Amino acid sequence: MTRRIVALLLALTLLPLAGLASAGPAAAAGTGYWHTSGRQLLDANNQPVRMTGINWFGLETANYAPHGLWSRGYKDMLDQMKSLKYNTLRLPFSNQLFDAGSTPNSIRYDLNPDLQGLSGVQIMDKIIDYAGQIGMKVLLDRHRPDSGAQSALWYTAQYPESRWISDWKMLAQRYLGNTTVIGADLHNEPHGIQGGGGSNWGSGDTASDWRLAAERAGNAVLSVNPNWLIVVEGVDSYNGDGYWWGGNLQGAAAAPVRLNVANRLVYSAHDYATSVFAQPWFSDPAFPNNLAAIWDKNWGYLFKNNVAPVLLGEFGTTLADPRDQQWLRTLMAYLGTGTGGVNFTFWSWNPNSGDTGGILNDDWTTVNTAKQAYLDPYLIAPDGGTTTPPPPPPPVSCQVSLGVNDWGTGFTAAVSIANTGTAAISGWTLAFTFPGNQRITNGWSANWTQAAGSANVTATNLDHNRVIGAGQSVTGLGFNASYTGTNSAPTAFTVNGQSCAVA
């Protein structure tokens, strides 16, 4: 993920926010190989399962080993992942890892004595073996052809398509019968090149059509191990509509990936926050309520229409920008809870991802609790885990007051929300509808949103006023607005969808 220039950016039609939450209690990751049924992953016993995982990179770099082994033992790392309820490890690698002379380095062998003298693929074996012992699944990710950089196409002059496919077949054979490894993410972030070239979806050109290449490689893998999931990422642009590298799956509607073994295809997208690139939708006045329509258009429709499972294979942020906090909160709600939600593997475990940071802090040991808190309610522990699903939030009981200072063509509104219930409100969205043509011009102490041409208004909490304790109020909220004609006050308010009394 260390890079990305988005080639084409076009405005997207705004639709109402709609999550992908789906029924199904949280449960341990299932046993055996996994397969698909519509949008659902099932284990060997046909029980619903879901990847709620993490990326741990390094094997794809010139270290030829997962990063952080200069600080800790790999078993200690994996044990910590399990303790945090990650059930799947997306493990990036490069084809260069398998070359003679690609020697693993930057490993403390006093902390990793059983890695001494091993090749890169033998270290991969060790990671997979221990992950399996503690109940985690592993998804292999061909992240780069060589250890230096990602590639727009699935091949380069040094690593042609034939090598790409032969390495995948080698891995499929190497782990044949090992149900810890559940699949192959065929190529990370195929994308176009500014000015022309690179990967596309559906052109029919065997040298550039990523969909056709994914079919060739996927079917080659399945010829060796018909039980693996074949994970196919999107491109970045389709019919001139730009998105993140690997994230645009619009083309799969008209040109789906065709595999020789049924119930093995998983589509995968990547999505990021402003710390990676300031996409135009982050500055849209409707943000974050515009995000669901964007996700629906690019990859969510495949899940919603029951076409195939979707894996959000990478998503991450430094959380430095307040918009990133809204993005991550909105995204997790969109992915849904329980085994019926969208699969995901967060980027990344590593703190040394320059534009996102990681779940670990820079000491490679302590946890970034702010990030983990966003993910925790959606994680499903590996086999052997003891986690239970979080209880549903208690119903909201509330009272809203609205005070207005009107000067004829505009007004200032002071708003407060009182929690009249017996449990804290942790995270809130206030909603109401203007009865006239009032338009908010600016607001404070909340994220105020009023879409163009709409009388509907929402206000979401900031970090400092996110929690309203039982019997307490959040005050100091307000906005300025303009109007013509009559300035009648709203008469109905909701908080988190629950009607509130009006003071």
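In this report, we go over the structure that sits alongside the text. Here the structure is a predicted model, which is why all the values come from computation and not from measurement. (Residues numbered from 1 in each chain as written. Predicted model: local features only at pLDDT ≥ 70, side-chain atom pairs only at ≥ 80, totals over all residues. Heavy atoms only, no water.)

Re the overall build of the protein
Argument step 1. Helix and strand content of the protein: 7 helices and 24 strands.
Argument step 2. Relative to the globule expectation of 23 Å for 503 residues, the C-alpha radius of gyration of the protein, 24 Å, shows essentially globular dimensions.
Argument step 3. Residues counted as buried form 57% of the 503 residues belonging to the protein.
Argument step 4. Long-range contacts, defined here as pairs at least 24 residues apart, represent 75% of the contacts in the protein between residues at least 6 apart.
Argument step 5. Looking at the protein as shown, the accessible area adds up to about 18,400 Å², and 53% of this sits on carbon and sulfur atoms.
Argument step 6. Between the averaged position of the 28 positive side-chain charges in the protein and that of its 34 negative side-chain charges there is a distance of 4 Å. (Helix = DSSP H or I, 4+ residues; strand = E, 2+ residues; numbered from the N terminus. Rg over C-alpha atoms; globule rule 2.2 N^0.38 Å. Buried < 20%, exposed > 50% of the residue type's maximum accessible area, 1.4 Å probe, protein only. Contact = heavy atoms within 4.5 Å. Areas by Shrake-Rupley, 256 points an atom, 1.4 Å probe, with all protein chains shown as cover. Lys, Arg positive; Asp, Glu negative; His and termini not counted. Charge placed at Lys NZ, Arg CZ, Asp CG, Glu CD.)

Quick look at the side chain of Ser-268
Argument step 1. Mapped onto the elements of the fold, Ser-268 is located in strand E11 (residues 265-270).
Argument step 2. Once residues within four sequence positions are removed from consideration, Ser-268 is found in contact with Asp-185, Val-231, Val-232, Glu-233, Gly-234, Gly-246, Leu-249, Leu-311 and Gly-313.

Quick notes on helix H4 (residues 210-224)
Since there are 3.6 residues in each turn of an α-helix, residues three or four apart along the chain are aligned in direction.
Argument step 1. Between its first and last C-alpha atoms H4 spans 21 Å; for 15 residues at 1.5 Å apiece the expected length is 21 Å, and the two agree.
Argument step 2. Extensive coverage of H4 is indicated by the burial of 13 of its 15 residues.
Argument step 3. Where H4 begins, the capping side chain belongs to Asp-209, and its oxygen is found 3.0 Å from the backbone nitrogen of Arg-211. (Expected span 1.5 Å × (residues − 1). Polar contact = N/O pair within 3.5 Å; in protein donor to acceptor, adjacent residues only side chain to side chain.)

Describing the environment of Lys-371
Argument step 1. Assignment of secondary structure puts Lys-371 in helix H7 (residues 369-375).
Argument step 2. Residues Lys-371 and Leu-402, spaced 31 residues apart in sequence, show a C-alpha to C-alpha distance of 34 Å.
Argument step 3. Excluding residues within four positions of it along the chain, Lys-371 makes contact with Thr-317, Thr-318, Leu-319, Phe-346, Thr-356, Gly-357, Gly-358 and Ile-359.
Argument step 4. At 2.6 Å, the side chain of Lys-371 forms a polar contact with the backbone oxygen of Thr-356.

A short note on the pairing of strand E17 (residues 429-433)
Argument step 1. Burial of E17 is one-sided: the residues Leu-430 and Phe-432 facing one way are buried, the residues Thr-429, Ala-431 and Thr-433 facing the other way are not.
Argument step 2. Direction of pairing for E17 relative to strand E20 (residues 456-460): antiparallel, over a ladder of 5 bridges. Across the sheet, the residue bridging to Leu-430 is Ala-459, located in E20.
Argument step 3. For E17 and strand E23 (residues 493-495), the ladder comprises 3 bridges, and the chain directions are antiparallel. Bridge pairing in E23 places Ala-431 opposite Thr-494. (Pairing = 2+ DSSP bridges.)

Comments concerning the sheet that holds strand E19 (residues 447-449)
Argument step 1. Strand order in this open sheet of 9 strands is E18-E22-E15-E14-E24-E23-E17-E20-E19, and the pairing throughout is mixed. The open sheet has two edge strands, strand E18 (439-444) and E19, and neither has a second partner. In this sheet, adjacent strand axes meet at a mean angle of 30° when their direction is disregarded.
Argument step 2. Pairing between strand E14 (residues 398-406) and strand E24 (residues 498-502): 2 bridges, direction parallel. Bridging across to E24, Val-400 finds its partner in Val-502. (Axes fitted to C-alpha atoms, helices over the stretch in contact; angles between N-to-C directions.)

Here's the deal with the packing of helix H5 (residues 291-304) against helix H6 (residues 322-335)
Argument step 1. In contact at an axis separation of 12 Å, H5 and H6 are set at 30° when each is read in the N-to-C sense. The pairing of H5 with H6 is recorded here as roughly parallel in orientation. When you trace H5 past H6, the crossing you get is right-handed. Of H6, the residues touching H5 (which contributes Leu-291, Ala-292, Trp-295, Asp-296, Trp-299, Gly-300 and Lys-304) are Trp-327, Thr-330, Leu-331, Tyr-334 and Leu-335. (Parallel < 35°, antiparallel > 145°, perpendicular 65-115°, else oblique. Left-handed = near helix turned anticlockwise from the far one by under 90°.)

A closer look at the sheet that holds strand E8 (residues 229-233)
Argument step 1. Strand order around the closed barrel formed by 8 strands is E4-E5-E6-E7-E8-E11-E12-E13, with parallel pairing between neighbours. Put simply, the sheet's adjacent strands are angled 25° from each other on average, direction ignored.
Argument step 2. As defined by bridge partners, strand E6 (residues 137-144) adjoins strand E7 (residues 181-185) across 4 bridges and the pair is classed as parallel. What sits directly across from Leu-140, in E7, is Ala-184.

A closer look at the pattern of salt bridges
Argument step 1. This structure, assessed with the given rule, holds 17 salt bridges.
Argument step 2. Across the pair Arg-211 and Glu-215 runs a salt bridge, and its minimum N-O distance is 3.3 Å. With Arg-211 and Glu-215 both in helix H4, this residue pair falls 4 residues apart, about one helical turn.
Argument step 3. Here Arg-258 ties to Glu-215 by a salt bridge, and the two come within 2.7 Å at their closest N and O atoms. With Arg-258 in the loop between strand E10 (241-242) and E11 and Glu-215 in helix H4, the pair connects residues that are 43 residues apart, well separated along the chain. (Salt bridge = Lys/Arg side-chain N within 4 Å of Asp/Glu carboxyl O.)

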